[in-house]
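Per-entry structural report
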Amino acid sequence: MDLLGLLTDYTLRNVLLGAALLGVVSGVLGTFAVLRGQGLLGDALAHAALPGICLAFLLTGSKAMPVLLLGAGVAAWLGALLLLWIVRQTRLAQDAALGIVLAVFFEFGLTLLTVANRRPDATQAGLDRYLFGQAATLVGENVIVMAVLAAIALLATAAVYKELKLLAFDPDFGSSLGFGVGPLSVALTTLITVAILIGLQTVGVVLMAAMLIGPAAAARQWTNRLSTMIALSAAFGAAAGVVGALISASASRIPTGPMIVLALTVIVVGSILFAPARGVLPEWWRTRRAAPETPA
Amino acid sequence: MTPALEVRDLTVVYRDAPALDRATLAVPAGTLAAIVGPNGAGKSTLLKAVQDLVPRVNGEVRVFGVPYRQARLRVGYVPQRTAVDWDFPTDVLDVVLMGTYGRLGWLRRPGRAERETALSALELVGMRDLAHRQIGQLSGGQQQRVFLARALAQQAELYLMDEPFAGVDAATERAIVDVLRGLRAAGKTVVCVHHDLESVPDYFDWVALLNVRVIASGWVSEVFTPDRLAETYGGRLGLLTRIGMA
């Protein structure tokens, strides 16, 4: 298929739009998550979404996207609540709590997935696609749902931009000004959950964390301004999404998630190695030039 | 006259051990006040508990006679410099602008007026030339001045400062003392967690000696005595001998 054919192809257009939307939203929200040191929160919440997807299908018998997304959103939210509860009520550290939520919800999700796949009405294009993503299955209505979710998430983020910046940089000071850590954490967690919902069909639950962490980590290498970092992160996310989706769509039966993450890895590694001010290689070069001649 | 800060029976418990035990004190308005005590005495906890940043088991906090929540905008805060990640992608002016966020409230963005406020605050701490410097490139003393400027941009009446002199160079220390005296001259009240006992009589009018409990509080000339200090520091007199007070 030639390039023009690719771009006018209906399926491919949906795939590209879906992947780009996901990249932008996860890039923007991932920036705040990464700066707050909460990159892995998204990982736990994404895995926690799986049992919600399966339960929604088992209860309604429907595979309609809004139904499954609702289930996913509720489950991810319950995961977030459980996480908060564990951190508050026990002496476990946050990373241990993240591990528990991720493992428990995901195991439960896999069990339900097996049950769901045994049902007579489970067709071949089953719920498995939510594990690693299968963007080729996106139809126009799915993309519209994703676009609406993306618009809501981006507008909400823009509205509380200054508050989220405070939360990421100095939550205690923000709290002393009256911007409570509690409400803002809930807002950020909710927005991250929305980003996960957008990514379910494209990259799937297993690799979603990479879409939240990768673009932001790469963007940080190139700039010292938060606004620029957010824009770059969105661009990196979208680029990885589009490239990965193209590779996945060009050969049948390649899941989209791994291809997108592969494209993202190239961006991240390149940024870590070559970014002028913070990159490993420029830094090595500067040190080498600054060092005095080694005596023989 | 109504005290600037009034704390009554403030108790904070971390895990099982009390960090603050029924702390009670009243800082007179228009003074420079120090809170001193050994490590783990609950000095930072006191400043945090006053501002609802840590949960308190018991106690009451009044600022200029009204509950803290109603007086939030009249309180400026300088947290410990080490409380934040200075590799955060932002510049000096942007951090100082955060001081204006409280008055702006939710959703409103800082504009030209807030920028002017922030630049004036930077002028006061001698950092205006560095307004656009990336914060990761600042020295410890400069970081401390940025935090001080951010609190000044709050345009508060009571300032709570957590170790503003910790790890700063001599020039920064003088600059900060000048700012504090300027605040007092303008009728503001400053409460500092402070480590250097030697400089207490020089810098401060009022002092609270804290070791989980408030051992004593009042004018420096009256309560900053060797026996009270010995009681606060658990009789570690070597320290007091060294500063020539025992």
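Here's a quick rundown of the structure. All values reported here derive from a predicted model rather than from experimental measurement. (Residues numbered from 1 in each chain as written. Chains lettered and ligands numbered in written order. Predicted model: local features only at pLDDT ≥ 70, side-chain atom pairs only at ≥ 80, totals over all residues. Heavy atoms only, no water.)

**Some points on the overall build of chain B**
The criterion, for reference: Strands are runs of DSSP state E lasting at least 2 residues, helices are runs of H or I lasting at least 4, and numbering of each runs from the N terminus. Buried residues are those whose accessible area, probed at 1.4 Å on protein chains only, stays under 20% of the maximum for their type, while exposed residues exceed 50% and partly exposed ones sit between those limits. This count recognises Lys and Arg as positive and Asp and Glu as negative, with His and chain-terminal groups excluded. Here the site of a charge means NZ on Lys, CZ on Arg, CG on Asp, or CD on Glu.
The secondary structure content of chain B amounts to ten helices and ten strands. Its C-alpha atoms give chain B principal-axis dimensions of about 50 × 40 × 40 Å. Taking all 246 residues of chain B together, the buried fraction comes to 54%. Averaging the locations of the 28 positively and 27 negatively charged side chains of chain B gives two centres separated by 5 Å.

**Some details on the overall build of chain A**
Under the convention used in this document: Computation of the radius of gyration draws on C-alpha atoms alone. For the globule rule, the value is 2.2 Å times the number of residues to the power 0.38. The contact definition used throughout considers only heavy atoms, calling two residues in contact when any of these lie within 4.5 Å. Computed with a 1.4 Å probe, the accessible areas rest on the Shrake-Rupley method; for each residue, only the protein chains presented here act as cover.
The secondary structure content of chain A amounts to 14 helices and zero strands. When the helices and strands of chain A are listed from N to C terminus, the series reads α-α-α-α-α-α-α-α-α-α-α-α-α-α. The C-alpha atoms of chain A give a radius of gyration of 20 Å, which matches the 19 Å a tight globule of 296 residues would have. Oriented by its inertia axes, the alpha-carbon framework of chain A measures out at about 75 × 55 × 40 Å. Going through the 296 residues of chain A one by one, you find that 52% of them count as buried. Across chain A, contacts joining residues at least 24 apart in sequence account for 73% of those joining residues at least 6 apart. Accessible surface, chain A: about 13100 Å² in total, of which carbon and sulfur atoms supply 71%. Computed over 17 positive and 13 negative side-chain charges, the inter-centroid distance for chain A is 4 Å.

**Focus on the interface of chain B and chain A**
To be explicit about the condition: Buried area: the accessible surface (1.4 Å probe) lost by two parts on joining, summed over both. Between Lys or Arg on one side and Asp or Glu on the other, a salt bridge is scored when a side-chain nitrogen of the former is within 4 Å of a carboxyl oxygen of the latter. Residues adjacent in sequence count toward polar contacts only when both atoms are side-chain atoms; beyond that, a polar contact is any pair of N or O atoms within 3.5 Å, and within protein one must be able to donate a hydrogen and the other to accept it. Classes in brief: Ala, Val, Leu, Ile, Met, Phe, Trp, Tyr, Cys and Pro nonpolar; Asp, Glu, Lys and Arg charged; the others, Gly included, polar.
Counting residues at the interface gives 33 residues for chain B, matched by 29 residues for chain A. Its largest share of buried area at the contact with chain A, chain B owes to Phe88(B), Pro89(B) and Trp106(B), together 25% of the area lost on that side. At the junction of chain B and chain A, the tally comes to five salt bridges. Taking the shortest distance from any N to any O, the salt bridge between Arg220(A) and Asp87(B) comes out at 3.4 Å. Inspection of the region where chain B meets chain A yields twelve residue pairs in polar contact (both at pLDDT 80 or more). For the side of chain B that touches chain A, the secondary structure elements donating two or more residues are α2 (92–97), α3 (101–104) and α5 (140–152) of chain B. Looking at the side of chain B that touches chain A, the element that brings in the most residues is α3(B), giving three residues. Looking at the side of chain B that touches chain A, its residues break down into 16 nonpolar, seven polar and ten charged.

**Some thoughts on the nonpolar core**
Filter applied, for reference: Only buried Ala, Val, Leu, Ile, Met, Phe, Trp, Tyr and Cys residues count toward a nonpolar core, and they belong to the same one when joined by side-chain atoms within 4.5 Å.
Core analysis: the largest hydrophobic core is formed by 177 residues, its most contacted members being Leu200(A) and Leu5(B). By residue number, the principal contributor to this core is helix α3 (residues 41–60) of chain A, which donates twelve residues. Dropping the residues within four chain positions of it, Leu5(B) is found in contact with Leu25(B), Ala26(B), Val27(B), Val50(B), Val61(B), Arg62(B), Val63(B), Leu158(B), Leu160(B) and Val191(B).

**Remarks on helix α13 (residues 256–274) of chain A**
Counted only if it meets this: Each residue after the first adds 1.5 Å to the expected span of a helix.
Its 19 residues place the ends of α13(A) 27 Å apart at the C-alpha level, agreeing with the 27 Å of an ideal helix rising 1.5 Å per residue. Of all the residues in α13(A), the buried ones are Thr256(A), Gly257(A), Met259(A), Ile260(A), Val261(A), Ala263(A), Leu264(A), Ile267(A), Val268(A), Gly270(A) and Ser271(A).

**Focus: the packing of helix α10 (residues 181–199) of chain A against helix α11 (residues 204–220) of chain A**
All names here are of chain A. Rules: In this analysis, axes come from line fits to C-alpha atoms, helices being fitted only over the stretch in contact, and the angle between any two N-to-C directions falls in the range 0 to 180 degrees. Under this scheme an angle from 65 to 115 degrees is roughly perpendicular, one under 35 degrees roughly parallel, and one over 145 degrees roughly antiparallel; angles in between are oblique. By definition, turning the near helix anticlockwise from the far helix through less than a right angle yields a left-handed crossing, and turning it clockwise yields a right-handed one.
Two numbers describe how α10 lies on α11: the axes approach to 10 Å, and their chain directions differ by 125°. Between α10 and α11, the crossing angle belongs to the class labelled oblique. In the crossing of α10 with α11, the sense of the turn from one axis to the other is right-handed. Counting all contacts with α10, which are made through Ile192, Ala195, Ile196 and Gly199, the residues of α11 involved are Gly204, Met208 and Leu212. A breakdown of the residues in the contact of α10 with α11 according to their chemical character gives five nonpolar, two polar and no charged.

**A closer look at the layout of surface pockets**
In plain terms, the rule: A pocket here means an open set of points on a 1 Å grid, computed over the protein atoms alone, that has protein on both sides within 12 Å along at least five of seven lines. A cavity is instead a set of points where a 1.4 Å probe fits but cannot get out; residues with an atom within 4 Å of a point line either one. Grid points are joined across faces, edges and corners, and a volume is the space filled by probe spheres set on the points.
One number sums up the size of the largest pocket: a volume of about 920 Å³. Lining the largest pocket are 27 residues, and of these Leu84(A), Val87(A), Arg88(A), Val181(A) and Ser185(A) lie nearest its centre. Of all the secondary-structure elements, those providing two or more residues to the lining of the largest pocket are α4 (65–89), α9 (171–176) and α10 of chain A together with β1 (5–14) of chain B. The leading source of residues in the lining of the largest pocket is α4(A), at seven residues.

**Comments concerning the side chain of Thr157(A)**
All names here are of chain A. Structurally, threonine 157 is set in helix α7 (residues 140–159). The class of threonine 157 is buried, set by a relative accessible area of 4%. The residues touching threonine 157, leaving out its near neighbours within four places in the chain, are Val28, Leu29, Phe32, Leu164 and Leu191.

**As for the packing of aromatic side chains**
To keep things clear, this is the line we draw: Classification of ring pairs rests on two measures: the distance between centres of Phe, Tyr or Trp rings, Trp counted by its six-membered ring, which must be within 6.5 Å, and the angle between planes, read as stacked under 30 degrees, edge-to-face over 60 and tilted in between.
Under the defined criterion, the tally for this structure stands at eight aromatic pairs over all chains. A centroid spacing of 6.4 Å and a plane angle of 75° characterise the contact between Phe32(A) and Tyr161(A), whose relative ring orientation is edge-to-face. Of the two residues, Phe32(A) is situated in helix α2 (residues 10–35) and Tyr161(A) in helix α8 (residues 161–169); the sequence distance between them amounts to 129 residues. Residues Phe32(A) and Tyr161(A) agree in their burial class; the two are buried. Consider the rings of Phe179(A) and Trp106(B), whose centres lie 5.2 Å apart with planes at 80°: the pair is edge-to-face. Within this pair, whereas Phe179(A) is found in the loop between α9 and α10, its partner Trp106(B) is found in the loop between α3 and α4 (112–124), the two belonging to separate chains. Overall, the relative accessible area of 42% leaves Trp106(B) in the partly exposed class.

**Re the pairing of strand β8 (residues 189–193) of chain B**
Residues and elements named next belong to chain B. Put simply, the rule is: Two strands pair under a simple rule: DSSP has to find at least two bridges between them.
Where burial is concerned, most of β8 is hidden: five out of the five residues are buried. Residues of β8 alternate between two faces, with Thr189, Val191 and Val193 on one and Val190 and Cys192 on the opposite face, all of them buried. Examined bridge by bridge, strand β3 (residues 32–36) and β8 share four bridges and lie parallel to one another. Bridging from a neighbouring strand, leucine 32 pairs with valine 190 of β8. Two elements, strand β7 (residues 158–162) and β8, share five bridges in a ladder whose sense is parallel.

**Examining α2(A)**
Residues and elements named next belong to chain A. The criterion, for reference: Think of it this way: the bend at a residue is just the angle between two axes, each fitted to seven residues, one set ending at that residue and the other starting at it.
Under the 1.5 Å per step criterion, the end-to-end length of α2 is 38 Å for 26 residues, consistent within 8% with the ideal 38 Å. Where α2 bends most, the angle comes to about 25°, and this point is leucine 29. Of the residues flanking the start of α2, the one acting as N-cap is aspartate 9, its side-chain oxygen 3.4 Å from the backbone nitrogen of threonine 11. Count one or two residues on from α2 and you reach glycine 37, which has phi positive near 75°.

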